[in-house]
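Observations on the three-dimensional arrangement
Listed below are the residues making up each chain.
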Amino acid sequence: MRRTRLWALFAAMDLVVAACANAPSETTEPTESPPATEATTTTTAPSGDDTTTTSAAPEGPYEELARAMAGEYAGTEVEVLGQWLEAEADNFKASLQPFIDATGIEVRYEGITDYETVLTTRVDGGNAPDLAQLAQPGLMRTFAAEGKLVPLSGWFNTDQLAEDYIQSFIDLGSYEGELYGIFFKGDIKSIVWYPVQAFADNGYEVPTTWEELIALSDQIIADGNGNPWCISIEHGDASGWVATDWLEDILLRTAPVEIYDQWVNHEIPFDHPEVLEAAEYMRQIWFTDGYVYGGNVGINATWVGDTQTPMFDSEGPKCWMHKQAAWIPAFWPEGTEPGVDSAFFYFPPIEEEYGKPVLGGGDQFVMFDDRPEVRALLQYLATPEAAKPWIEAGGFVSPNRSVPLDWYTTYPNDELAQILQSADVFRFDASDQMPAEVGAGTFWSGMVDWVAQDGEGTEEIFRRIEESWPTS
Amino acid sequence: MATTSRPATAIRGLFGAALGLAATVAILWAGLGMLRDEDGPERLVLGFYTLVGASGPAEAIRTYGLHPMAAKTVTAVVAIVVGVGGVWALFTAANLLTDRLGPRFERLVRPWVFTGPALALVAFYLLFPTLRTILISATEDGGLVANYAFVFTDRDMLIALRNNALWLIFGTSGSVLIGLAFATLVDRVRREALAKTFIFLPLSISMVGAAVIWRFVYYWRPPGEEQIGLLNGLLSALGYEPVAFFQSVPLNTFALIVIMVWLQTGFAMVVLSAAIKAVPQTMLEAARIDGAGELQIFRSVIIPSIRGSLITVGTTIFIAILKVFDIVFVTTGGKFQTDVVANRMFKEMIRFRNDGRASALAVILLVAVIPIMVVNVRNLRRQGVGS
């Protein structure tokens, strides 16, 4: 009922705006928004919450968004598909709500399990959503190469984008020089979770170098405190990605960042000596006897969401350190709290000359159907305002650098923002950028095989991944 | 007068019937269009109210829209009318039209009127996709040679092909042999129905459901932890180390085959049990009088008598196993050298978007199933002739 009345209001606004906008047809945004505010004041608002429409209306750098805010597209619908479910879906919907309230555009978000499968099937079937969230730049490139995506250049204000995003996010949203994706959510992987109280009780200190990290691991074993590491990679047919994250994070610390970039783009072989060297560092933690809870069989058998559970054992931690991104607390046992029961430290640098790199991921939105209201929503998602509700709800770091740091008030977001700020290099998850046959195929399965062989035959495994790289 | 008007009425009748058929097709088309249209129900109801002149309800729908439940009900009613009524009307109209064609054409046309739609549907839904799959396997990705070369040389593919062979050999023979054993033994048990029910029960569980159940049976936790998996629970109670069933090559593939056998044995048992009961008692008695032992009777009398059923059961299970996907996908996801062809096909198509390679795999499965279908059809034909 309320929604229909709201629609009626926007329909009325629409008429007024149309009448006002008739004379100067192709003007810039600022001249168009005053009529919009005028319109809302002349129309009597039937219910209390409609007044919100007056406050938002930003002149803004984006044309379609400004038009939408002026109510031009009220009553239209935009369909958004993503893989955020439950709490994350609610947070995303909260981020959409100001847009819906201000524009009268109905945005339908649907969160889906088995997301990539459903999305590719729908795209192939000619039934693509208007906007889709993508966690893998590789999938974006595939869609772009197939001509399924709407290019953003020409109508998306790229000057504003360059101001809001560091170049690497714009590059990650581009394919062959054309921009297709807008990053909305960021993710930092270079962090290690540890049990705060148990660390204090045993006098353990947060390691800041690789040597300290290894020394601490040995110390934990020597103290008879169980296994220092919680590591596991079982995740159905996506098993292995945890291992690829590790390797990438180490490679950023043991080789120049150019090597990482060349490796991602296959300008050097997958089994380049630098990569094999990084694998040796990884073996030191993964396959040293007694280092990992459950050993190599445990690594392959335990579901990624359960990796850290032994840390919270009632008799004290059975494993002490867990390298995983900031979403992991959602999978901790009931009654545990991030920052209290377990906090994180920055995964320490290895070779000083490569500084403090950060490995991350992120979700971008791509567009399948070019309609003004879809453009408006995509532009909205590029603004700091779109990130605000989710930031306030917690568990969200925006890749948009125009987002004021003081919006982040809750742990762990404040700490994460800190890590991002002090980072020397930020690089996106390499496996997510490689062709799917490798990045979501042989790289993952190769890591599983490597673990199954308890870290033996490294060169053979990396050579097989190199051979699987598609030739075309 | 009667002689002059006959051709005229015949033509008029023919015309009328043709018109009826055209009208039926048009209504069907409109109905299908409405079912595809999201706002269809709303427009239909709105149109109806406007037609009967009920301006009040029409106005309400215009302002508030149709209630979602009402829209769904309208869609359901239209679907039933179009689906059931439409098909009936289509056949009736076509039949009426055939009646008017005159005796010479009538005999020729009528069979096609009734089998035509079914043939067209089979061609559209079966033949066309098959041909297209073959075409894609020869044109996309690297083309014909590269795609099929990949299938027969890639290391992971060879593992999948080998595993499919293992599945076919041990899965099929396991299900049929155990099913046959149960069918024979259960025949002599007092509470036959009860015993059969227990063995038949898994058949009603979906492959995914069965795989999830068996995930728990095989569940592994690090030594020293409480084992929540059935098998590892037993092992640790007996003082052994837990076994990671999904990771131990080659045990893991057989552990998965067991799940399929568990599912299919009930089916084999029920069909074979019915066949065994159909063996004439007189024949068995004659054999006994001739001095044959129970084992000899089983080998020389029962087995030959139920040969047809054995082939049917064997081929049915063979085809089911050839397509095996769910069990592997849910339990190991194809890791630890347990992959099978159908799971590779899924990965190539959905994850890697290599339609050419995926289609090549589909074609191989299709070719593999052809000999089985030939055996099955021959068997059915022989049974048909026999009865």
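Just above, that's the structure.
Residues numbered from 1 in each chain as written. Chains lettered and ligands numbered in written order. Predicted model: local features only at pLDDT ≥ 70, side-chain atom pairs only at ≥ 80, totals over all residues. Heavy atoms only, no water.

Now for the overall build of chain B. If you tally the helices and strands in chain B, you get 17 helices and zero strands. For chain B, the C-alpha radius of gyration of 30 Å lies well beyond 21 Å, the compact-globule estimate for 387 residues. Seen along its three principal axes, the alpha-carbon backbone of chain B occupies a region of about 95 × 65 × 50 Å. Relative to its full complement of 387 residues, chain B shows a buried share of 36%. For chain B, the centre of its 33 positive side-chain charges and the centre of its 23 negative side-chain charges are spaced 9 Å apart. (Helix = DSSP H or I, 4+ residues; strand = E, 2+ residues; numbered from the N terminus. Rg over C-alpha atoms; globule rule 2.2 N^0.38 Å. Buried < 20%, exposed > 50% of the residue type's maximum accessible area, 1.4 Å probe, protein only. Lys, Arg positive; Asp, Glu negative; His and termini not counted. Charge placed at Lys NZ, Arg CZ, Asp CG, Glu CD.)

Here we come to the overall build of chain A. Helices and strands together make up the secondary structure of chain A, namely 20 helices and 12 strands. Counting every position in chain A, which comprises 472 residues, the buried fraction comes to 56%. Long-range pairs, those at least 24 residues apart, make up 78% of the contacts in chain A between residues at least 6 apart in sequence. For chain A, the exposed area adds up to about 18800 Å²; of that, 49% sits on carbon and sulfur atoms. (Contact = heavy atoms within 4.5 Å. Areas by Shrake-Rupley, 256 points an atom, 1.4 Å probe, with all protein chains shown as cover.)

With that settled, the discussion passes to the packing of aromatic side chains. Residue and element names in this part refer to chain A. Following the criterion strictly, the structure yields 56 aromatic pairs over all chains and no others. Considering the side-chain rings of Phe184 and Phe365, the 5.8 Å spacing of their centres and the 65 degrees angle between planes classify their relative orientation as edge-to-face. In this pair, Phe184 is assigned in strand E6 (residues 181-188) and Phe365 in strand E11 (residues 357-367), connecting sequence segments 181 residues apart. Note on accessibility: Phe184 and Phe365 belong to one class, buried. (Phe/Tyr/Trp six-rings, centres within 6.5 Å; stacked < 30°, edge-to-face > 60°.)

A word on the nonpolar core. All names here are of chain A. Core analysis: the largest hydrophobic core is formed by 65 residues, its most contacted members being Trp229, Trp246, Trp263, Ile285, Trp286 and Met321. The residues contacting Trp246, other than those within four sequence positions of it, are Trp229, Ile231, Met282, Ile285, Trp286, Lys323 and Phe347. Ranked by size, the runner-up nonpolar core spans 64 residues in total, among them Phe92, Tyr165, Ile182 and Leu378. (Core = buried A, V, L, I, M, F, W, Y, C linked by side-chain atoms within 4.5 Å.)

Turning to the state of the cysteines, a few remarks are in order. Residues and elements named next belong to chain A. Scanning the entire structure with this criterion turns up one disulfide over all chains. Disulfide partner of Cys230: Cys319, at an S-S distance of 2.1 Å. Around the S-S axis, the bridge from Cys230 to Cys319 shows a dihedral of about 100 degrees and counts as right-handed. With Cys230 in the loop between strand E8 (227-229) and helix H12 (241-254) and Cys319 in strand E9 (residues 319-323), the pair connects residues that are 89 residues apart, well separated along the chain. (Disulfide = S-S within 2.5 Å.)

Turning our eyes to something else, we now look at the side chain of Glu64 of chain A. All names here are of chain A. Mapped onto the elements of the fold, Glu64 is located in helix H4 (residues 63-69). Side-chain polar atoms of Glu64 contact the side chain of Arg375, separated by 2.8 Å. Beyond its immediate stretch of four places on either side in the chain, Glu64 contacts Tyr73, Trp155, Pro372, Arg375, Ala376 and Gln379. (Polar contact = N/O pair within 3.5 Å; in protein donor to acceptor, adjacent residues only side chain to side chain.)

Let us look at the interface of chain B and chain A. Listed per partner, the contact involves 20 residues of chain B and 32 residues of chain A. Taken together, the connections running from chain B to chain A amount to four salt bridges. The salt bridge partner of Lys318 of chain A is Glu225 of chain B, with a shortest N-O separation of 2.7 Å. The tally of links between chain B and chain A comes to nine residue pairs in polar contact (both at pLDDT 80 or more). Put simply, the parts of the chain that give the side of chain B that touches chain A at least two residues each are helix H3 (55-64) and helix H16 (341-351) of chain B. (Salt bridge = Lys/Arg side-chain N within 4 Å of Asp/Glu carboxyl O.)

Moving on, we get to the pairing of E9 of chain A. Every regular strand shows the same layout, with side chains that alternate between the two sheet faces. All names here are of chain A. Burial runs high along E9: five of the five residues are buried. Bridge count between strand E7 (residues 191-195) and E9: two bridges; the pairing is antiparallel. Across the sheet, the residue bridging to Val192 is Lys323, located in E9. (Pairing = 2+ DSSP bridges.)

With that out of the way, let us pick up the environment of Leu213 of chain A. Residues and elements named next belong to chain A. The residue Leu213 is located in helix H11 (residues 210-222) in this model. Between the alpha carbons of Leu213 and Gly395 there is a distance of 27 Å; along the sequence they are 182 residues apart. Setting aside its immediate chain neighbours within four residues, Leu213 contacts Pro207, Trp229, Ile285, Met321, Phe345, Phe347 and Pro348.

Time to look at the pairing of E11 of chain A. Residue and element names in this part refer to chain A. Burial of E11 is extensive: 11 of the 11 residues sit out of reach of the surface. What you see with E11 is no split at all: Pro357, Leu359, Gly361, Asp363, Phe365 and Met367 on one side and Val358, Gly360, Gly362, Gln364 and Val366 on the other are buried throughout. Sheet topology note: the strand E3 (residues 131-134)/E11 ladder contains four bridges and is antiparallel. Bridge pairing in E11 links Gln133 to Phe365. Across seven bridges, E6 lies against E11 in antiparallel orientation. The residue of E11 that forms the bridge with Ile188 is Gly360.

Once that is clear, we can look at the sheet that holds strand E10 (residues 342-346) of chain A. All names here are of chain A. Taken in spatial order, the four strands line up as E8-E9-E7-E10 in an open sheet, and their pairing is mixed. Two strands bound the open sheet, and with one partner strand each, they are E8 and E10. Each strand axis lies, on average, 25 degrees off the axis of its neighbour in the sheet, ignoring direction. Of the strands in this sheet, E8, E9 and E10 are in contact with H11, which crosses E8 at around 155 degrees. (Axes fitted to C-alpha atoms, helices over the stretch in contact; angles between N-to-C directions.)

With that out of the way, let us pick up helix H6 (residues 144-153) of chain B. In an α-helix, one turn spans 3.6 residues; hence positions three or four apart end up facing the same way. Residue and element names in this part refer to chain B. Those residues of H6 that sit buried are Asn147, Tyr148, Phe150 and Val151. One side of H6 holds all its buried residues, which, seen down the axis, span an arc of 150 degrees. In H6, the exposed residues that point more than 90 degrees away from the buried face are Val145 and Thr153. (Arc of directions from axis to C-beta.)

The subject of this paragraph is a positive patch on the surface. On the surface, Arg307, Arg378, Arg381 and Arg382 of chain B cluster together to form a positively charged patch. In this fold, Arg378 of chain B is placed in helix H17 (residues 355-386). (Patch = residues over 30% accessible without salt bridge, like charges linked within 9 Å, V, L, I, M, F, W, Y side chains within 5 Å.)

Attention shifts here to the environment of Ala94 of chain A. Summarising the element assignment, Ala94 of chain A is placed in helix H5 (residues 86-103). The sequence separation of Ala94 of chain A and Tyr194 of chain A amounts to 100 residues, and the corresponding C-alpha distance is 31 Å.

Attention now moves to the pattern of salt bridges. Overall, the coordinates contain 38 salt bridges over all chains when judged by the stated rule. Residue Glu88 of chain A is joined to Lys185 of chain A by a salt bridge in which the shortest nitrogen-to-oxygen separation is 4.0 Å. One end of the pair, Glu88 of chain A, is in helix H5; the other, Lys185 of chain A, is in strand E6, and 97 residues separate them in sequence. A salt bridge links Lys335 of chain B to Glu234 of chain A; its shortest N-O distance comes to 3.4 Å. Here Lys335 of chain B is found in the loop between helix H15 (326-331) and H16, whereas its partner Glu234 of chain A is found in the loop between E8 and H12 on a different chain. For the residue pair Lys335 of chain B and Glu234 of chain A, the accessibility class agrees, reading buried in each case. Where salt bridges share partners, they join Asp449, Glu460, Arg463, Arg464 and Glu467 of chain A into one cluster.

The end-to-end C-alpha distance of helix H11 (residues 251-277) of chain B, which contains 27 residues, comes to 37 Å, matching closely the 39 Å that a straight helix rising 1.5 Å per residue would cover. The sharpest bend along H11 of chain B measures roughly 35 degrees and falls at Gln264 of chain B. (Expected span 1.5 Å × (residues − 1). Bend = angle between axes of the 7 residues up to and from the residue.)

This next bit is on the packing of helix H7 (residues 155-186) of chain B against helix H14 (residues 307-322) of chain B. Residue and element names in this part refer to chain B. Look at H7 against H14: their axes get within 9 Å of each other, and the N-to-C directions meet at 145 degrees. Crossing hand, H7 versus H14: right-handed. On H14, the residues touching Asn164, Trp167, Leu168, Gly171, Thr172, Ser175 and Val176 of H7 are Leu310, Val313, Gly314, Ile317, Phe318, Ile321 and Leu322. Here the residues of the contact of H7 with H14 are counted per class, giving nine nonpolar, five polar and no charged. (Left-handed = near helix turned anticlockwise from the far one by under 90°. Nonpolar A, V, L, I, M, F, W, Y, C, P; charged D, E, K, R; others polar.)

Residue and element names in this part refer to chain B. Residues Leu127, Leu131, Ile134, Leu366, Val367, Ile370 and Val374 make up a contiguous nonpolar surface patch of roughly 600 Å² in combined accessible area. At the level of elements, helix H5 (103-139) and H17 are the ones that each hand at least two residues to the nonpolar patch. By residue number, the principal contributor to the nonpolar patch is H17, which donates four residues. On the secondary structure map, Val367 appears in helix H17.

Nothing here speaks to function; it is geometry throughout.
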